[in-house]
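Close look at the chain arrangement
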Amino acid sequence: MSETAAQRTTPGTDLTITSSDFTKIHFTHEQIQARLAEIGAQIDSDYAANPPLFVGVLKGAVMAMADLQRNVTLPIETDWMAVSSYGSGTKSSGVVRILKDLEADLLGRDVLIVEDIIDSGLTLSWLLSNLKSRGAKSVEICTILRKPEAAKVTIDVKYVGFDISNDFVVGYGLDYAERYRNLPFIAVLAPHVYSE
Ligand code: PRP
């Protein structure tokens, strides 16, 4: 890990991200970009006749939306949703509240939801049926990470960056207590951070 990437101080606070916060770098920035280039090319091919509306799910999908879209050459459109899952601690419950809704009308549109991670699958399961109910022609999913061992529901995912085990990962949009989203890589969080 480079010194620049490993040590970032938040202005005005004493919070510093150091390499001891992580047990390993799971995916480097270069690995993520290489995978997004492959997925972008696949999207170009799959949606050549009908460029989709990309729907990014805030906040975690910000990095993925920005980098994935730079690898797509079709005249796509972009919109954003923010949702909150009621649950205990970091666990999803499947009962979802919309914090920020789409501006676009989905009637007859091909929609591609972009997410940072699918854990239990409950958030995406809800989102899929919600967006389909608005009259979209198709609703598909692209996620950077998926945790098959954590799945509580089965959902079809068209594009998966990487399948991972049940590690607590942060970075590249993924947070722990709102921190670490700004890391350009995905790392496994050291247990001492979340048990402090
Ligand atoms: C994360 C992630 C998904 C959801 C996945 O969002 O972005 O939306 O959890 O979990 P699930 O598969 O168990 O439902 P989070 O609620 O942490 O919000 P954030 O994107 O603002 O970090």
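Reference entry: report on the structure contained in this document. (Residues numbered from 1 in each chain as written. Predicted model: local features only at pLDDT ≥ 70, side-chain atom pairs only at ≥ 80, totals over all residues. Heavy atoms only, no water.)

Let us now look at the overall build of the protein. Regarding its fold elements, the protein presents 5 helices and 11 strands. Classification of the 196 residues of the protein by burial places 44% in the buried group. Here the analysis covers contacts within the protein between residues at least 6 apart in sequence; of these, 64% occur between residues at least 24 apart. Within the structure as shown, the protein displays about 9,700 Å² of accessible surface, and the carbon and sulfur contribution to it stands at 50%. (Helix = DSSP H or I, 4+ residues; strand = E, 2+ residues; numbered from the N terminus. Buried < 20%, exposed > 50% of the residue type's maximum accessible area, 1.4 Å probe, protein only. Contact = heavy atoms within 4.5 Å. Areas by Shrake-Rupley, 256 points an atom, 1.4 Å probe, with all protein chains shown as cover.)

What follows is about helix H2 (residues 29-46). In an α-helix, one turn spans 3.6 residues, which is why side chains three or four residues apart end up on the same side. The end-to-end C-alpha separation of H2 is 25 Å, in line with the 26 Å expected for 18 residues at 1.5 Å each. Those residues of H2 not exposed but buried are Ile32, Leu36, Ile39, Gly40, Ile43 and Asp44. One face of H2 carries all of its buried residues, which in axial projection span an arc of 145°. Exposed and oriented more than 90 degrees from the buried face of H2 are Glu30, Glu38 and Ser45. (Expected span 1.5 Å × (residues − 1). Arc of directions from axis to C-beta.)

Let's shift gears to the pattern of salt bridges. Per the stated rule, a full pass over the model turns up 10 salt bridges. Among the ionic pairs, Glu178 bridges to Lys59, the shortest N-O distance being 3.2 Å. Of this pair, Glu178 sits in the loop between strand S10 (169-170) and strand S11 (186-189) while Lys59 sits in the loop between strand S4 (53-58) and helix H3 (62-69), placing them 119 residues apart in sequence. Owing to a relative accessible area of 46%, Glu178 belongs among the partly exposed residues under this scheme. (Salt bridge = Lys/Arg side-chain N within 4 Å of Asp/Glu carboxyl O.)

Turning our eyes to something else, we now look at the sheet that holds strand S3 (residues 22-27). Taken in spatial order, the 3 strands line up as S3-S11-S10 in an open sheet, and their pairing is antiparallel. The sheet terminates laterally at S3 and S10, the two strands that pair on one side only. The pairing of S10 with S11 spans 2 bridges and is antiparallel. The partner of Val169 across the bridge, within S11, is Val188. (Pairing = 2+ DSSP bridges.)

So, about the environment of Glu30. Structurally, Glu30 can be placed in helix H2. Here Glu30 falls in the exposed class, since its relative accessible area comes to 57%.

This paragraph deals with unusual backbone geometry. Peptide bonds are mostly trans, and most non-glycine residues show a negative phi. Between Leu58 and the following residue, Lys59, the backbone shows a cis peptide bond with an omega angle of 0°. Positive phi, normally seen in glycine, also occurs at Ala177, with a value near 50°. Take Ala177: it is sitting in the loop between S10 and S11. In this model, Tyr180 sits at a positive phi of 80°, which is unusual for a non-glycine residue. For Tyr180, a relative accessible area of 2% translates into the label buried.

Our next topic: the nonpolar core. Ile43, Phe54, Leu68, Leu145, Val169 and Ile186 are the most contacted members of the largest nonpolar core, which has 27 residues in total. At the level of secondary structure, the elements contributing two or more residues to this core comprise H2, H3, strand S7 (110-118), strand S8 (138-146), strand S9 (159-163) and S11. Tallying contributions element by element places H2 first for this core, with 4 residues. Leu145 has contacts with Phe27, Asp116, Ile117, Ile118, Phe162, Ile164, Val169, Leu174 and Ile186, leaving out every residue within four places of it along the chain. Core analysis: the next-biggest nonpolar cluster, separate from the first, contains 21 residues, Val83, Leu102, Ile113 and Leu124 among them. (Core = buried A, V, L, I, M, F, W, Y, C linked by side-chain atoms within 4.5 Å.)

To describe a pair of aromatic rings, you give the distance between the ring centres and the angle between the ring planes. Overall, the coordinates contain 6 aromatic pairs when judged by the stated rule. Arranged with centres 5.7 Å apart and planes meeting at 70°, the rings of Phe22 and Tyr180 form a pair that is edge-to-face. Here Tyr180 lies in the loop between S10 and S11 and Phe22 lies in strand S3, a separation of 158 residues in the sequence. Tyr180 shares its class with Phe22; the two are buried. For the ring pair Phe168 and Tyr176, a centre distance of 5.6 Å and an interplane angle of 85° mean the geometry is edge-to-face. Here the aromatic cluster, defined as three or more aromatic residues joined through ring pairs, consists of Phe22, Tyr180 and Phe185. (Phe/Tyr/Trp six-rings, centres within 6.5 Å; stacked < 30°, edge-to-face > 60°.)

Within the element layout of this structure, Gln69 appears in helix H3. In this structure Gln69 touches Phe54, Ala64, Ile76 and Thr78, once residues within four positions along its chain are discounted.

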